Structures are given as structure tokens and as C-alpha cells.
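Chain by chain, the residues run as shown.
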Amino acid sequence: MPRASRRRGDAAKRHADTLRFVLFEAMPAGLLFHQLVRASGLSPSQVRAGLAALRDIIAQNGWPPLIWTRADGYQLGAERAALEAYERAVLGEKLTEFRRFITGTIAPHATSHPNDKWIKHIIAQLNSIESTLDLVVSS
């Protein structure tokens, strides 16, 4: 993901506008990354920066969301089932990432410093977040 300064720059906003136009033209189908590069005439790094900026612009303006699936690529305004599947997939990835962070970093820290107030607080907070994500993903 590009840095915030690259997502907010004028160039990224122009790239986002180009990508939005290309994706609207492709609706309801999506475009894979290489197709998006070819159709937009932008470089791969410009497409990445444009996609990040486009997500920010979509959030600011309340437009239909941008999703990505392995089969269809990037899509604007997908159906409810596709949106839900995408959201579940992203939350599942985040849950896995969170669990690996807990078991790979936090647990060894807690083992080596069992009376540390900081680590006790972090464990309580992260367990709460993990539990919430698990409920959302499994429901």
C-alpha cells in the first residue's frame, strides 16, 4: 500500500479518476490487475497508488465500494453477496494476521516478561479484538 502522502497527491488523484472511469466502463464485470494496467495506460505503480487513492475517495464520497476477487479482479458496485464474501475474506485474513502476531510476538514477550504491566494490558486488548473478529468471520 502506498504511503499516505502518495495516496493524497494530485498525481494519485488523477490516477484514481482514470481507474474509476475504466472500472465504470467495465461494469458489471471486473478487471484483473494486468487488465487494469493495460486499459488505463498507467504503470503498475501508478495503478497501485491510484487504487489506494480511489479507496480513500470512495470512502469520502460514499460511493459504491471497490472490491477485489481472484476470479473477477477489481470491481465497483458489486452485488450484496459479492460484497459480503469480500468482507468475510478480508476479515479472515486480518484474523489470521492478528493470531500470528499474538502467537509469534506477544506470547513470547509475555513468557519472557510475565509481570510486565504493558504486556498484560496488550494481551487483554488483543484477545478482545481477536474474539470480536472471530465472531464476525464465523457468523
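These remarks concern the structure in this document. Values in this document were obtained by computation on a predicted structure and should not be read as measured data.

What counts as what
- Residues numbered from 1 in each chain as written.
- Predicted model: local features only at pLDDT ≥ 70, side-chain atom pairs only at ≥ 80, totals over all residues.
- Heavy atoms only, no water.
- Helix = DSSP H or I, 4+ residues; strand = E, 2+ residues; numbered from the N terminus.
- Pairing = 2+ DSSP bridges.
- Core = buried A, V, L, I, M, F, W, Y, C linked by side-chain atoms within 4.5 Å.
- Buried < 20%, exposed > 50% of the residue type's maximum accessible area, 1.4 Å probe, protein only.
- Contact = heavy atoms within 4.5 Å.
- Salt bridge = Lys/Arg side-chain N within 4 Å of Asp/Glu carboxyl O.
- Polar contact = N/O pair within 3.5 Å; in protein donor to acceptor, adjacent residues only side chain to side chain.

## Topic: unusual backbone geometry
Point 1. In this structure, the amide linkage connecting methionine 27 to the following residue, proline 28, adopts the cis form with an omega of 0°.
Point 2. In this fold, proline 28 is placed in the loop between helix 2 (10–26) and helix 3 (33–40).

## Some points on the pairing of strand 2 (residues 73–76)
Consecutive side chains of a regular strand alternate in pointing toward one face of the sheet and then the other.
Point 1. Pairing of strand 1 (residues 66–69) with strand 2 involves four bridges; the strand directions are antiparallel. Bridging from a neighbouring strand, leucine 66 pairs with leucine 76 of strand 2.
Point 2. Connecting the antiparallel pair strand 1 and strand 2 is a turn made up of three residues.

## As for the nonpolar core
Point 1. Of all hydrophobic cores here, the largest spans 18 residues; its most connected members are Leu19, Leu23, Leu36, Val47, Leu51, Leu54 and Leu66.
Point 2. Contributing elements (two or more residues each) for this core: helix 2, helix 3, helix 4 (44–61) and strand 2.
Point 3. Considering each element in turn, this core owes the most residues, six residues, to helix 4.
Point 4. Aside from chain neighbours lying at most four places away, what touches leucine 36 is Leu19, Val22, Leu23, Leu31, Val47, Leu51 and Tyr74.
Point 5. By size, the runner-up hydrophobic cluster in this structure holds six residues, among which are Ile102, Ala110, Ile119 and Leu126.

## Section: the pattern of salt bridges
Point 1. The full count for this structure, using the stated rule, is five salt bridges.
Point 2. Ionic pairing is found between glutamate 97 and lysine 94, a salt bridge with its closest N-O pair at 3.9 Å. In this pair, glutamate 97 and lysine 94 are both assigned in helix 5 (residues 80–112), three residues apart and thus about one turn of the helix distant.
Point 3. What makes lysine 94 partly exposed here is its relative accessible area of 43%.
Point 4. A salt bridge links arginine 99 to aspartate 134, with the nearest nitrogen and oxygen atoms 3.4 Å apart.

## Considering the side chain of glutamine 75
Point 1. With respect to the helices and strands, glutamine 75 occurs in strand 2.
Point 2. Of the polar contacts made by the side chain of glutamine 75, one reaches the backbone oxygen of proline 28; its length is 3.0 Å.
Point 3. Discounting residues that sit within four places of it in the chain, glutamine 75 has contacts with Pro28, Ala29, Gly30, Pro65, Leu66 and Ile67.

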